[in-house]
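Structural overview for review
So you can see what is in the structure, the chains are spelled out below.
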Amino acid sequence: MNPRRLALIALLFAAVAAYYAFDLGRYLSLDFFKSQQAAIETWRAAQPAKAALAYFLIYVAITGLSLPGALVMTLAGGAVFGLLWGTVLISFASTAGATLAFLVSRFLLRDWVQLRFGERLRAIDAGVEREGGFYLFTLRLVPVFPFFVINLLMGLTAIRTRTFYWVSQAGMLLGTIVYVNAGTQLAKIESLSGILSPALVASFALLGVFPLVAKKITEHLRKKKVYAGWKKPRRFERNLIVIGGGSAGLVAAYIAAAVKAKVTLVEKHKLGGDCLNTGCVPSKALIRSAKLLSHMRRSGEFGIREAKAEFDFADVMERVQRVIRTVEPHDSIERYTGLGVDVVEGTAKIISPWEVEITRNDGTVQRLTTRSIVIAAGARPFVPPIPGIEEVGYLTSDSVWELRRLPRRMVVLGGGPIGSELTQTFARLGAQVTQVEMAPRILIREDPEVSDLVTQRFRAEGVEVLVNHRAKQFVVEGGERILIAEYDGRDVRIPFDAVLVAVGRVANLKGYGIEQLGIPAGRTVETNEFLQTSFPNIYAAGDVAGPYQFTHTAGHQAWYAAVNALFDPLKKFRADYSVIPWATFVEPEAARVGLNEIEAKERAIAYEVTRYGIDDLDRAIADGEAHGFVKILTVPGKDRILGVTIVGEHAGDLIAEYVLAMRHGIGLNKILGTIHIYPTLAEANKYAAGAWKKAHAPQKLLEWVARFHSWRRG
Ligand SMILES: Cc1cc2nc3c(=O)[nH]c(=O)nc-3n(C[C@H](O)[C@H](O)[C@H](O)COP(=O)(O)OP(=O)(O)OC[C@H]3O[C@@H](n4cnc5c(N)ncnc54)[C@H](O)[C@@H]3O)c2cc1C
């Protein structure tokens, strides 16, 4: 611990110890004060400034050290200095003392609390950030909450000292006046408990809820302002209109129909959106074919001398389309119509907060009024404005599925999940792939060892992985397409036949009316924690809202958006992002839930790491997939899981056990105590929990147990 902290602790300890050792508390009793009142008042009359200063300092010391006695001091202040000067002195002294206690708590404890309970403190900090002053004001007004506790707890939050000071002073003022006034009548007071009558406490409580009521009124006024100038229909034709029939839109419409609301779902292109048509489904189908080829190439490892694959790339791509067609009925018009959703094929445009214009694919235009709207318009591939890119032509995750001839040399721009999945897939299908990433490693959001394992595998499979390479320009020279990338201050020339741009996806923000309504949107449509846009009856979910871009998070958000849209103001739920898992389907597969080391360090959250190498797992060895690891971050000294990264075969499936554990607060001890089938890859989870247990075995106790057994052996 740093010496300044130690010195402060010693000082505080000495002050508090002296208070109790010399029984100073007896001077802060009502009886003692009454017995000395005449003498004190005489001194004050003779030396008014000195008396006020002494009183002020004692008051600050008592409240600053969180010692009992502030109430008697306040009454005494009223008796000795009168209502006006008593109030002035006490108001400043109590606020100064409270701020001192607040600062001491912040200086001594906040780092420690941050380390131990950083994750939880973040939620409280967010609340304080949101409600800050209001919240403290409420606490200050209601004398039910001990002030010294408030001072110490607030020191642990992120509230600014200035805010704490002035809100405390304002919040405590009324209470101070009441007590000082009581002090002026001290002779009549027999006990401390008699000062506050139930009626007075009730009025304080009413005052306490005033800020909350004020907040509700402010919200109401804000709402009125947003809707000003728009005419609300008296009746609505729909409860909900959902714009976009991708992962988010389908779930929102499904929920609405399930709770018997009248819902219209508008989709301008293909139901199922990105995931079904150009995203998860086709990519996973193509990955499967590529994986088969990779296994065949590895046949020697499995004792098979030769396994020859003859295939036509076009057939593989046709299979991808067949898979889409097979999954399609899950997201079809027929299915959703059967569920009670009014599905419209057309383009939706919001023309007022309660009205949507739909231009059907057959050209007819229809306007529908609705109580609420869910925007689920998705995202599209981002194409960076690199000079020459339009001239050379490029593929994206939207268009790559139309390829029927395998490019001989392919450049994949981007080292994120989509770029990496497609890099490995096209390389396995036989293209000569160069992956270009400007960051120092691919899969940059994961811990470096994940990137290392995947990069090693890519390189072993013949992919050229170029990191720290910034794509600068595309040129055509002598009929050959070339990417010029900058690496370490010099130009690197990469000739290619096709380039796939996979450098991220941007939300669709134009063309459906949010600009006209003035709904704020930066990279995504801005929403609050209830997924409401600036118009409380218009919600957004999925890729268009962010911050995640996964099918499962789109569905997760859609649930909140739909339920809130249909039941607000009766009930609203805050979208819960506490346990979000994901996987990148490269080989070795990489999956994560919760924190990894990078994030834990960034957020200064204390953690312990437990690793289990999957190369040691029986089933992985038998399967010829003995590689990868399970890496668990836990709270130091505890089995509570902060996050898990798994790299290896079926990592995306294996992680489910930890997702469940984190979601329901199950620790590693319980995972260890659960039977896992032998021999499965899932046993890796149990062994990882075992590794944690071993590292936390009670060594001293085991020494005694060893002695016990030795004694039993005689
Ligand atoms: C190659 C690739 C692989 C992926 N792999 C995975 C994966 O393995 N796992 C995973 O979880 N996620 C994956 N994703 C991400 C996933 O596909 C998206 O996160 C998900 O589809 C987002 O769903 P959404 O409903 O928000 O948007 P979308 O699915 O994009 O749906 C939006 C829909 O809105 C429609 N629309 C837009 N404007 C209008 C309008 N004005 N009127 C009517 N309709 C409109 C669009 O036509 C579109 O159909 C992948 C994405 C890609 C590109």
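A quick note: this is a predicted structure, and the numbers were derived from the prediction, not measured.

Remarks on the nonpolar core
Formed by 33 residues in total, the largest nonpolar core has its most connected members in L286 and F426. Of all the secondary-structure elements, those providing two or more residues to this core are α10 (280–297), α11 (313–327), β7 (409–413), α14 (417–428), α15 (448–460) and β13 (498–501). Beyond its immediate sequence surroundings of up to four residues, L286 is in contact with V316, M317, V320, W401, T425, F426 and L429. Counting 30 residues, the second largest nonpolar core, distinct from the first, contains V242, V263, Y560 and V563.

Overview of the sheet that holds strand β18 (residues 608–613)
Spatially, the five strands line up as an open sheet ordered β16-β17-β20-β19-β18, and their pairing is antiparallel. On the outer flanks of this sheet lie β16 (581–584) and β18, each paired with one strand and no other. Across the sheet, the axes of successive neighbouring strands diverge by a mean angle of 10°, strand direction being ignored. Across six bridges, the pairing between β18 and strand β19 (residues 629–634) is antiparallel. Its bridge partner being in β19, V609 is matched across the sheet by L633. Lying on the sheet, helix α23 (residues 683–695) is in contact with β18, β19 and β20 (641–647); it crosses β18 at an angle near 135°.

Regarding the environment of C275
Following the sequence through the fold, C275 ends up in helix α9 (residues 273–277). Judged by its relative accessible area of 14%, C275 is buried. For the pair C275 and F550, spaced 275 residues apart in sequence, the C-alpha to C-alpha distance is 8.7 Å. Those residues within four positions of C275 in sequence are excluded, and the remaining contacts are S247, C280, V281, P282 and T551.

Section: the pattern of salt bridges
Counting across every chain of the model gives 31 salt bridges. A salt bridge links K291 to E649, with the shortest nitrogen-to-oxygen separation between them at 3.2 Å. Of this pair, K291 sits in helix α10 while E649 sits in the loop between β20 and α20 (651–654), and the two are 358 residues apart along the sequence. Residue R592 is joined to E599 by a salt bridge in which the shortest nitrogen-to-oxygen separation is 3.2 Å. Here R592 falls in the buried class, since its relative accessible area comes to 0%. Salt bridges here are not isolated pairs; linked through shared partners, they connect D447, E449, E597, K601, R611 and K631.

Definitions and cut-offs
Residues numbered from 1 in each chain as written. Predicted model: local features only at pLDDT ≥ 70, side-chain atom pairs only at ≥ 80, totals over all residues. Heavy atoms only, no water. Core = buried A, V, L, I, M, F, W, Y, C linked by side-chain atoms within 4.5 Å. Buried < 20%, exposed > 50% of the residue type's maximum accessible area, 1.4 Å probe, protein only. Helix = DSSP H or I, 4+ residues; strand = E, 2+ residues; numbered from the N terminus. Contact = heavy atoms within 4.5 Å. Pairing = 2+ DSSP bridges. Axes fitted to C-alpha atoms, helices over the stretch in contact; angles between N-to-C directions. Salt bridge = Lys/Arg side-chain N within 4 Å of Asp/Glu carboxyl O.

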